[in-house]
Amino acid sequence: MKAVPYISFGGNCEEAVTFYQSVIGGTLSSVKFSEMPEGEGMAVSGNWKDKIMHSAITFEDGNAIYFGDTWEGYPIQGGNYSAIHLVVDNEQDVYDFVDKLSVGGEVTMPADKTFWGSVYGSLTDKYGISWGIEFELK
């Protein structure tokens, strides 16, 4: 089994995933609502056709994060009950990702060495998504 986080946006998914991919890397793929087959019972209005139905950032190790805009008319209700937690391959990535992902957002725990044997930092980005970034020290 593989668990894949799926993050929903209220119309700005394309902007968000482009930003995320520029910071954390990976391969970005996206499908817009306008690319859905006709007659599948999932119609959207002209205002929503250019929004992202499904997007993925896939990493070399096969892990991925999924994203999408909600269906038109279904507002996003943000909360602090979940976060994307990345375990990165080197210590410097923790500092870099926290700095870059927090632009326009807020660092909730500055990146630093911790008592539990990791370098860790956390933030809420400009889209309201919470992130934890960690490198496990050997």
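S.K.: Before we go on, may I ask you to explain the overall build of the protein chain in this structure?
M.R.: Per the secondary structure count, the protein chain includes 2 helices and 8 strands. Considered along the principal axes of its C-alpha atoms, the protein chain spans approximately 55 × 30 × 25 Å. Relative to its full complement of 138 residues, the protein chain shows a buried share of 36%. Within the protein chain, counting contacts between residues at least 6 apart in sequence, those at least 24 apart form 56% of the total. For the protein chain, the accessible surface area stands at approximately 8,300 Å², while carbon and sulfur atoms represent 50% of it. If the 8 positive side-chain charges of the protein chain are averaged to one point and the 20 negative ones to another, these points end up 2 Å apart.

S.K.: Can you help me understand the sheet that holds strand S5 (residues 84-87) in this one?
M.R.: Neighbouring strands of a sheet are bound in pairs by backbone hydrogen bonds; such pairs are parallel or else antiparallel. Spatially, S5-S8-S7-S6 is the arrangement adopted by the 4 strands of the open sheet, whose pairing is mixed. Looking at the sheet topology across the chains shown, the edges are occupied by S5 and strand S6 (106-113). On average, each strand axis in the sheet is inclined to that of its neighbour by 10 degrees, with strand direction left out of account. Two elements, S6 and strand S7 (residues 118-124), share 5 bridges in a ladder whose sense is antiparallel. Within S7, the position partnered with Lys 113 by the bridge is Val 119. Sheet strands in contact with helix H2 (residues 91-101) are S5, S6, S7 and strand S8 (130-136), and its direction is about 10 degrees off that of S7.

S.K.: Would you take a moment to explain the nonpolar core for this structure?
M.R.: Inside soluble globular proteins, nonpolar side chains tend to come together where they are buried. Counting residues in hydrophobic clusters, the biggest one holds 28 residues, and the most contacted among them are Tyr 20, Leu 101 and Trp 131. Where this core is concerned, the elements lending two or more residues are strand S1 (6-9), helix H1 (13-24), strand S3 (52-58), strand S4 (64-69), S5, H2, S7 and S8. The dominant element in this core, judged by the number of residues it contributes, is H1, at 7 residues. Ignoring sequence-local partners within four residues, the contact set of Leu 101 consists of Phe 19, Tyr 20, Val 23, Ile 24, Leu 123, Asp 125, Trp 131 and Ile 133.

S.K.: Can you walk me through the sheet that holds S3 in this structure?
M.R.: A sheet is described by the order of its strands in space; here 4 strands give the open sequence S1-S4-S3-S2, paired in mixed fashion. The sheet is open, and its two edges are formed by S1 and strand S2 (27-32), each paired on a single side. Taken pair by pair, the neighbouring strands of this sheet meet at an average axis angle of 15 degrees, ignoring direction. In terms of strand pairing, S1 meets S4 through 4 bridges, oriented parallel. Across the sheet, Ser 8 pairs through a bridge with Gly 68, a residue of S4. Packed onto the sheet, H1 meets S1, S2, S3 and S4 and runs at close to 5 degrees relative to S3.

S.K.: Which parts of the structure should I look at to understand the side chain of Ser 130?
M.R.: Position of Ser 130 among the secondary structure elements: in strand S8. Not counting residues up to four positions away in its chain, the partners in contact with Ser 130 are Ser 82, Ala 83, Ile 84, Leu 123 and Thr 124.

Procedures and definitions
Residues numbered from 1 in each chain as written. Predicted model: local features only at pLDDT ≥ 70, side-chain atom pairs only at ≥ 80, totals over all residues. Heavy atoms only, no water. Helix = DSSP H or I, 4+ residues; strand = E, 2+ residues; numbered from the N terminus. Buried < 20%, exposed > 50% of the residue type's maximum accessible area, 1.4 Å probe, protein only. Contact = heavy atoms within 4.5 Å. Areas by Shrake-Rupley, 256 points an atom, 1.4 Å probe, with all protein chains shown as cover. Lys, Arg positive; Asp, Glu negative; His and termini not counted. Charge placed at Lys NZ, Arg CZ, Asp CG, Glu CD. Pairing = 2+ DSSP bridges. Axes fitted to C-alpha atoms, helices over the stretch in contact; angles between N-to-C directions. Core = buried A, V, L, I, M, F, W, Y, C linked by side-chain atoms within 4.5 Å.

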